[in-house]
Amino acid sequence: QVQLVESGGGLVQAGGSLRLSCAASGRTFSSYVMGWFRQAPGKERDFVAAISGSSGSTYYGDSVKGRFTISRDNAKNTVYLEMNSLKPEDTADYYCAARRSVVVTTTEALYPYWGQGTQVTVSS
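Let me sum up the structure you'll find in this document.

**Looking at the state of the cysteines**
- Scanning the model with the defined rule gives one disulfide in all.
- Between C22 and C96 runs a disulfide, and the two sulfur atoms are separated by 2.1 Å. On the sign convention where negative means left-handed, the S-S torsion of about -80° between C22 and C96 marks this disulfide as left-handed. Here C22 is found in strand β3 (residues 18-24), whereas its partner C96 is found in strand β9 (residues 92-100), with 74 residues between them in sequence. Residue C22 shares its accessibility class with C96, and that shared class is buried.

Next comes the structure, spelled out in structure tokens:
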């Protein structure tokens, strides 16, 4: 029902900022809860942030709270992840995910739609 394409990843120095984008190709984008997850080399995929369809509710993982901001522009069918004060431990592949629901969740298994991922590398 929806295809997701992440972009904006790259190499950044510790303390710097980076903005990721996730473009959705499907219709009724505002009906989807959107989430960001990340997976570091050799580790499991972890929750980063999620946002409701109307932007009224947001959730963040403990490790990024206060540093990352999730937002969305429904007119552009795009969700964003603004990453500030980046640390080397933020290095990972970042994935965009979608769930057609009004309930925001941090649970990976509840998101049926996923993008291909974009690499973020933070150097010290």
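Anyway, onward from the coordinates.
**Thoughts on the environment of S25**
- Residue placement: S25 occurs in the loop between β3 and β4 (32-39).
- On the accessibility criterion, S25 (52% relative accessible area) is exposed.
- Sequence-wise, S25 and K76 are 51 residues apart; in three dimensions their C-alpha atoms are separated by 10.0 Å.
- Excluding anything up to four places from it in sequence, S25 contacts V2 and Q3.

**As for the pairing of strand β5 (residues 46-51)**
- The element β5 is largely enclosed, with a buried count of five among its six residues.
- As defined by bridge partners, β4 adjoins β5 across five bridges and the pair is classed as antiparallel. Looking across to β5, one finds that G35 is bridged to A50.
- The antiparallel pairing of β4 with β5 creates a hairpin that spans six residues between the two strands, and G42 there sits at a positive phi of about 75°.
- Judged from the three bridges that link them, β5 and strand β6 (residues 58-60) form a sheet pairing that is antiparallel. What sits directly across from A49, in β6, is Y60.
- In this antiparallel pair of consecutive strands, β5 and β6, the connection spans six residues, and S55 shows a positive phi of 70°.

**Concerning the packing of aromatic side chains**
- In this structure the tally under the stated criterion is four aromatic pairs.
- Plain terms: the ring middles of Y32 and Y113 are 6.1 Å apart, the flat faces sit at 70° to each other, and that makes the pair edge-to-face. Taken together, the residues Y32 in strand β4 and Y113 in strand β10 (residues 113-114) connect sequence positions 81 residues apart.
- When its relative accessible area of 1% is taken as the criterion, Y32 is described as buried.
- On the basis of an interplanar angle of 75° and a centroid distance of 5.4 Å, the ring pair of F37 and Y111 is categorised as edge-to-face. In this pair, F37 is assigned in strand β4 and Y111 in the loop between β9 and β10, connecting sequence segments 74 residues apart. For the pair formed by F37 and Y111, the shared burial category is buried.
- In textbook terms, an aromatic cluster arises when at least three aromatic residues are bridged by ring pairs, as seen for F37, F47, Y111 and W114.

Definitions and limits used
By convention here, each chain's residues receive numbers from 1 onward along its written sequence. Only residues with pLDDT of 70 or above have their local features reported here, since the model is predicted, and side-chain atom pairs are shown and tallied only from 80 upward, although totals for entire chains, interfaces and linings are computed over all residues. Based on all heavy atoms of the structure, the side-chain values leave hydrogens and waters out of the count. Any two cysteine sulfur atoms within 2.5 Å of one another count as a disulfide. Under the scheme used here, helices are H or I runs from DSSP no shorter than 4 residues and strands are E runs no shorter than 2 residues, and both carry numbers assigned from the N terminus. Using a 1.4 Å probe on the protein chains alone, a residue whose accessible area is under 20% of its type maximum counts as buried, one over 50% counts as exposed, and one in between counts as partly exposed. Every residue pair with non-hydrogen atoms within 4.5 Å of one another is taken to be in contact. DSSP calls a pair of strands paired once it identifies at least 2 bridges connecting them. Stacked, edge-to-face and tilted are the three classes for Phe, Tyr and Trp ring pairs, Trp counted by its six-membered ring, which pair at centre distances within 6.5 Å; planes under 30 degrees apart are stacked, over 60 edge-to-face, the rest tilted.

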